[in-house]
Structures are given as structure tokens and as C-alpha cells.
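Tertiary structure, described
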Amino acid sequence: MSAIVVVDADVLGRRRTGDETYVRSLLRELGPLAAAAGIRVAAATRRPDLVPEGVEPVELRARSQELRMAHLLPRLLRRLGAGVVHTQYVLPLRSPCPGVVTVHDLSFAHRPELMGRKDRLVFRRIVPRAVRRAARVLTVSERSKRDLIELYGVPPDRVVVTPNGVDAAFHPPSDTVSPGTYLLAVGAIQCRKNQLAALEAASAVGLPLVVVGPHRDPALAEELRRRGARLEGYVETERLAELYRGAACLVQASTFEGFGLPIVEAMASGTPVVAVREPALVEVAGDAAVVVDEPNLTEGIRRALAERERLVAAGLERARAFTWRATAERTLAVYREILGP
């Protein structure tokens with residue numbers, strides 16, 4: 001009988017940007033890889049219709065996340081005879097099987113002032129407990145691995161880096177086109193993403209800023225709109241890909257990140273990238289972006305526009321290093337290690 005890995009896919013359909021992209025893309029690639037390895041993968045979710053082919057959808061609804069993680073998910077794991085459960089940030093209480101937890105970043109610990117009080121308290125309580133109980137902790141960058149080791153004392157051999165990938169929808173324009181007439185910022189609208197700094201730099205170079213992402217902070221969204229930014233809100237992958245291809249460059253001004261997925265998506269789309277000197281962004285960008293301190297964003301944008309041809313070529317090459325298949329292969333290797341022979 002095949003071993004069963006249950007992935008908590010509750011984020012599907014909830015417009016949770018990076019977290020949802022991670023689960024959807026991981027499941028899509030895991031299905032065929034796990035089948036070839038003799039492992040069944042099931043996804044526990046409120047939206048079974050969004051589970052990729054090759055993964056078994058298991059509907060799981062709950063009135064609250066507390067009820068779901070404390071009772072309903074453990075009950076489901078027992079019913080399925082799961083050998084491993086894979087979640088994000090929190091592990092179910094009284095799990096009948098070993099757990100793998102993905103922690104994308106520790107912004108709530110480093111920059112608590114950038115998160116709402118309720119979320120800050122919840123994350124500070126559940127994440128340390130989860131990473132100490134987990135059989136393995138997955139994270140998306142060496143920067144986040146260092147944080148997990150230093151802040152929570154997780155042994156280095158229990159933390160596995162599985163970088164994010166880039167979807168095939170993100171590719172350069174089929175025809176040679178002139179540089180776009182707008183700058184782009186991608187990420188949920190909240191203080192941590194620092195879209196106001198991107199807007200000020202865009203205004204200084206005389207180009208409009210388009211902001212893509214759900215409005216987590218309505219007051220900030222209104223200020224961005226009032227000051228001239230065009231807000232697209234949450235968009236589907238196809239529309240996001242179009243916006244990347246049409247942009248003069250991506251401006252990533254986040255004050256804290258665990259990875260910085262928009263950087264590789266922009267690079268894969270043939271769009272130059274300007275990023276602030278934040279450790280995870282520098283790690284992902286390598287030498288293929290213009291990296292500056294926040295006060296020098298305007299200068300960075302001007303440089304990116306002037307060096308467009310070089311940056312496009314370097315970005316396309318850099319983006320090839322990030323694939324969801326590689327993410328899934330590394331993740332599957334962790335499952336197999338825990339499941340044993």
C-alpha cells in the first residue's frame with residue numbers, strides 16, 4: 001500500500017498571493033513525481049476544484065482555523081492513515097504522523113511593527129511551537145534558514161531550503177517591443193512591501209506606478225491611489241504576466257522578505273528589476289538586478305532604464321535557476337526521508 005502525504009491546501013482560492021502560489025505550484029509538480037516514487041499525495045482544502053491533476057483532493061471545511069488545526073485536520077490524517085502532513089507556519093495539534101512545516105519568512109519576529117496586532121500575536125505563538133515539533137522545516141531562502149536557526153535554535157540539519165520557482169506563464173514578449181511606459185510594484189498592499197517608496201521614486205523619474213496585490217491595508221491603498229498610483233488589486237496569473245511584460249521595470253522596495261518571488265517572475269518576463277538591499281532580495285536577484293539602498297531608488301530606476309538590454313539578458317539567465325519542479329523534487333526528497341524505506 002502506498003504511503004500517503006497530506007498537504008494542507010487551505011490557501012487555494014483565498015487570494016493569499018505568495019502562500020497560495022507556493023501550494024498550487026508545488027502540488028502541480030508533486031503529483032507526477034510522487035506517483036513515480038510510489039507515494040500518494042492528498043490535498044486537504046475547502047476548494048477541491050482547484051487541486052491540480054495527479055493529487056487527490058480531500059474537502060475539509062471549518063468554521064475557524066483553530067477548529068481546523070486542533071480537531072478536523074488531525075481527524076482527517078487518522079482517517080487517511082497519513083504518513084506525513086505538510087503545512088505552512090503551523091502544525092496540527094495531536095497529529096498522528098510526522099509533520100513538515102514551511103516557513104517562508106520571520107517578518108513577524110524581525111519587524112513586528114509592520115504586522116497587525118492579532119496576526120503578530122498568533123504568529124509569535126504558533127510558529128516557534130511548529131518549527132520545534134516538525135520533523136523537517138522547509139524554507140525558501142538561506143536568509144530564512146539562518147533566521148530559523150538563530151531565533152528558534154532549530155538544528156541546521158532539520159531546515160531544508162527549497163527555493164520558489166517561476167511559472168511558465170511568465171515569459172518574454174513574443175515580439176520585440178519598446179520599453180514599457182510604467183513602473184511596476186508587485187505585492188500585497190501593506191507597510192512591509194513599501195510601495196510608497198516605489199511611488200516616490202517613480203514620480204521622480206516621471207513614470208506612473210502600477211501596483212498589483214490585494215489591499216491588506218485599505219488606508220495605505222487609498223493614499224497610493226490619491227498620490228497617483230494605479231492599483232490593479234489581486235490579479236490572476238495571466239494578467240500579472242501581461243503587466244510584467246509591459247513594464248519598464250519592476251521596483252521591489254520591500255523592507256523584509258523571505259524570498260521575493262516577483263523578482264524572478266519579472267526576470268523570466270524579460271523585465272529589468274530594481275530592488276532594495278534587503279538580504280533575501282539580494283540572494284534571489286544575484287547579479288541580474290540593480291540593487292540599491294532605499295534612498296537611491298530613483299537612481300536605481302534610471303540605471304535600469306539605461307541598462308535595459310543587459311539586465312533583460314542577465315535576468316532571463318538568472319530566472320532559469322528557479323523552477324517549481326526543482327522545488328517539488330527537494331520537497332519530495334524530504335517526504336521520502338521521513339517515510340523511510
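See the structure shown above.
Described below are features of the structure shown in this document. (Residues numbered from 1 in each chain as written. Predicted model: local features only at pLDDT ≥ 70, side-chain atom pairs only at ≥ 80, totals over all residues. Heavy atoms only, no water.)

Regarding the sheet that holds strand 1 (residues 3–8)
- Strand order in the open sheet formed by seven strands is 3-2-1-4-5-6-7, with parallel pairing between adjacent strands. For this open sheet the edge positions go to strand 3 (56–59) and strand 7 (159–161), each flanked by a neighbour on one side alone. The average angle at which neighbouring strand axes cross in this sheet is 25°, direction not considered.
- Across three bridges, the pairing between strand 1 and strand 4 (residues 84–88) is parallel. Across the sheet, valine 5 pairs through a bridge with valine 84, a residue of strand 4.
- This element, helix 2 (residues 65–80), spans strand 1, strand 2 (39–45), strand 3 and strand 4 of the sheet and lies at about 160° to strand 1. (Pairing = 2+ DSSP bridges. Helix = DSSP H or I, 4+ residues; strand = E, 2+ residues; numbered from the N terminus. Axes fitted to C-alpha atoms, helices over the stretch in contact; angles between N-to-C directions. Contact = heavy atoms within 4.5 Å.)

A short note on the packing of aromatic side chains
- Evaluated as defined, the whole model comprises three aromatic pairs.
- For the ring pair tyrosine 22 and tryptophan 324, a centre distance of 6.4 Å and an interplane angle of 65° mean the geometry is edge-to-face. Here tryptophan 324 lies in helix 13 (residues 324–339) and tyrosine 22 lies in helix 1 (residues 18–36), a separation of 302 residues in the sequence.
- Residue classification places tryptophan 324 among the buried positions, given a relative accessible area of 3%.
- Ring centres of phenylalanine 170 and tyrosine 244 lie 5.5 Å apart, and the angle between their planes is 80°; this geometry places the pair in the edge-to-face category. Placement of the pair is phenylalanine 170 in the loop between strand 7 and strand 8 (183–186) and tyrosine 244 in helix 8 (residues 237–246), with a sequence separation of 74 residues. Neither residue differs from the other here; phenylalanine 170 and tyrosine 244 are each classed as buried.
- Over the aromatic face of phenylalanine 256 sits the side chain of arginine 143, whose NZ or CZ is 4.0 Å from the ring centroid.
- Above the ring of tyrosine 182, the side-chain terminus of arginine 230 is found at 5.9 Å from the ring centroid. (Phe/Tyr/Trp six-rings, centres within 6.5 Å; stacked < 30°, edge-to-face > 60°. Buried < 20%, exposed > 50% of the residue type's maximum accessible area, 1.4 Å probe, protein only. Lys NZ or Arg CZ within 6 Å of the ring centre and 35° of its normal.)

Regarding the sheet that holds strand 10 (residues 230–233)
- The strand order 10-9-8-11-12-13 describes an open sheet built from six strands, whose pairing is parallel. Edge positions in the sheet fall to strand 10 and strand 13 (290–292), since each of these pairs with one other strand and no more. Between one strand axis and the next, the sheet turns by 25° as a mean value, whatever way the strands run.
- Relative to strand 11 (residues 249–252), strand 8 is paired through two bridges, and the arrangement is parallel.

Structural notes on the packing of helix 9 (residues 261–268) against helix 12 (residues 308–319)
- Viewed as axis vectors pointing N to C, helix 9 and helix 12 meet at an angle of 115°, and their least axial separation amounts to 7 Å. Considering how the two elements wind past one another, helix 9 and helix 12 form a crossing that is left-handed. Between helix 9 and helix 12, the contacting residues are Val264, Met267 and Ala268 on the first element and Gly315, Leu316, Arg318 and Ala319 on the second.
- Its residues assigned to classes, the contact of helix 9 with helix 12 comprises five nonpolar, one polar and one charged. (Left-handed = near helix turned anticlockwise from the far one by under 90°. Nonpolar A, V, L, I, M, F, W, Y, C, P; charged D, E, K, R; others polar.)

Quick notes on the nonpolar core
- Grouped together as the largest cluster of nonpolar side chains are 83 residues, with contacts concentrated most on Leu27, Leu184, Ile263 and Leu297.
- Setting aside anything within four residues of it in sequence, one finds leucine 297 in contact with Ala197, Ala198, Ala201, Val251, Ala253, Val274, Val276 and Val292. (Core = buried A, V, L, I, M, F, W, Y, C linked by side-chain atoms within 4.5 Å.)

Topic: the packing of helix 1 against helix 13
- For the pair helix 1 and helix 13, the least separation of the axes is 8 Å and the interaxial angle reads 70°. Taken together, the axis directions place helix 1 and helix 13 in an arrangement best described as roughly perpendicular. Where helix 1 crosses over helix 13, the handedness of that crossing is right-handed. On helix 13, the residues touching Thr21, Tyr22, Ser25, Leu26, Arg28, Glu29, Leu30, Leu33 and Ala34 of helix 1 are Trp324, Arg325, Thr327, Ala328, Glu329, Thr331, Leu332 and Tyr335.
- Classifying every residue of the contact of helix 1 with helix 13 by side-chain character gives nine nonpolar, four polar and four charged. (Parallel < 35°, antiparallel > 145°, perpendicular 65-115°, else oblique.)

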